[in-house]
Amino acid sequence: MDCHTFLDRHRAGWLQAWAGAGIQAPAGLLEQLCTRYAEPHRHYHSLQHLDECLALLAAHHDVAERPAEVALALWFHDAEYDVHAGDNEARSADWARDALRGGGASAGVADRVHALVMSTRHGLPDLPLPETPDTRLLLDVDLAILGADPQRYAEYERQIRAEYAHVPPEVFEPRRRKLMGGFLARQPLYLTAPLRAAREAQARRNLAGAVAG
C-alpha cells in the first residue's frame, strides 16, 4: 500500500480522531506519519499494519472509553521504528505527546495517549496488566495479527523475518520462539470480549505452530 492510497482511505478518520480530542490536526503531520510507515526497511510495521489496526478499531470502537485517544495512539504507536533500537515505543510516545501538546491538547489527553503508546511494549516481563478499557483494546488491536487466518499469519512471520534479516537464524529463531511462547502462555491472550471471541482460538493455533517451529 502506498501513501496516496492510504491517505485517501484514512484522512477522514485522522481528522475525526483529532476532533474527538477537541483539537485540529496539525498541518502536514498526517503526511509525515505516512512517510514514516512507508520507510523501506519496514516489512510488517508498515502502512499495511496500521491500516489493519485502524479497521479493527473502527469495528470495535464501542469498547473504548475514549476512542479518539485510542485512534491517535494507534496512529503513533509505530511511528518510530528502528530494528536496532530498544526505545521505539518511547520515541513514538514522545512524538505523540509533543504533537498533541503543540496542537493545543490538554495535558491529560496528551499524557493518556503517551501512556497508551508506551503500553505497546509487548513481551516485557515487568509490564503491569493493563487497567483501562482503552489500553486493553489498543493492545488487542495491535496483537490481532496473531489471530489472523493462516495465510496472513504466515505472511506476517515472513515480514518480521525480513525486518530482522540482519540477525542470524541461530539467534533469531530461539528468541522468536520464546516471544511467541510468552504470548501463548497468556490466559487469555486477548483482553476484550469481541477480540477474544474472534481471534483467540486461531491465535493459539498460530502460536503453537510458531513455537513448535
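Because the structure is a prediction, the values reported are computed rather than measured.

J.: Explain the state of the cysteines residue by residue, including any values.
T.: Applying the stated criterion across every chain yields a total of one disulfide. Between the sulfur of Cys3 and that of Cys34 lies a disulfide, 2.4 Å long from S to S. With the S-S dihedral at roughly -130°, the linkage between Cys3 and Cys34 falls on the left-handed side. Here Cys3, found in helix H1 (residues 3-20), pairs with Cys34, found in helix H2 (residues 29-37); they are 31 residues apart in sequence, far enough to count as distant.

J.: Now, about helix H6 (residues 107-118): what can you tell me, with residues and values included?
T.: The terminal C-alpha atoms of H6, which comprises 12 residues, lie 16 Å apart, in line with the 16 Å expected from a rise of 1.5 Å per residue. Buried residues belonging to H6 abut helix H4 (67-76), helix H5 (88-102) and helix H7 (133-142).

J.: Mind laying out the packing of helix H3 (residues 47-60) against H4, listing which residues take part and the relevant values?
T.: Interaxial distance between H3 and H4 falls to 10 Å at its minimum, and their mutual angle equals 170°. Taken together, H3 and H4 sit at an angle that is classed as roughly antiparallel. Across the interface between the two elements, Leu50, Cys53, Leu54 and Leu57 of H3 pack against Pro67, Val70, Ala71, Leu74 and Trp75 of H4. A breakdown of the residues in the contact of H3 with H4 according to their chemical character gives nine nonpolar, no polar and no charged.

J.: For the packing of aromatic side chains, give the residues involved together with the corresponding values.
T.: Here the structure, examined in full by the defined rule, presents seven aromatic pairs. Summarising the aromatic geometry, the rings of Phe6 and Trp75 are spaced 5.7 Å apart at their centres and angled 80° between planes, so their arrangement reads as edge-to-face. Here Phe6 is found in helix H1, whereas its partner Trp75 is found in helix H4, with 69 residues between them in sequence. Residue Trp75 is classed as buried on the basis of its relative accessible area, which comes to 3%. By the ring-pair criterion, three or more aromatic residues cluster together here, those being Phe6, Trp14, Trp18 and Trp75. Stacked on the ring of Tyr37, the Lys or Arg Arg42 has its end atom at 5.0 Å from the ring centre. In this structure, Arg161 is placed above the aromatic ring of Phe172, and the distance from its NZ or CZ to the ring centre is 4.2 Å.

J.: Quick one: what's the story with the packing of H1 against H4, residue by residue and with numbers?
T.: Between H1 and H4, whose axes approach to 8 Å, the crossing angle comes to 135°. The orientation of H1 relative to H4 falls into the category oblique. Our pair here, H1 against H4, has a crossing hand that is left-handed. Across the interface between the two elements, Phe6, His10, Trp14, Ala17, Trp18 and Gly20 from H1 touch Ala68, Ala71, Leu72, Trp75 and Phe76 from H4. For the contact of H1 with H4, the residue count by class is nine nonpolar, two polar and no charged.

Thresholds applied
Residues numbered from 1 in each chain as written. Predicted model: local features only at pLDDT ≥ 70, side-chain atom pairs only at ≥ 80, totals over all residues. Heavy atoms only, no water. Disulfide = S-S within 2.5 Å. Helix = DSSP H or I, 4+ residues; strand = E, 2+ residues; numbered from the N terminus. Expected span 1.5 Å × (residues − 1). Contact = heavy atoms within 4.5 Å. Axes fitted to C-alpha atoms, helices over the stretch in contact; angles between N-to-C directions. Parallel < 35°, antiparallel > 145°, perpendicular 65-115°, else oblique. Nonpolar A, V, L, I, M, F, W, Y, C, P; charged D, E, K, R; others polar. Phe/Tyr/Trp six-rings, centres within 6.5 Å; stacked < 30°, edge-to-face > 60°. Buried < 20%, exposed > 50% of the residue type's maximum accessible area, 1.4 Å probe, protein only. Lys NZ or Arg CZ within 6 Å of the ring centre and 35° of its normal. Left-handed = near helix turned anticlockwise from the far one by under 90°.

Taken by themselves, the reported measurements are silent on function.
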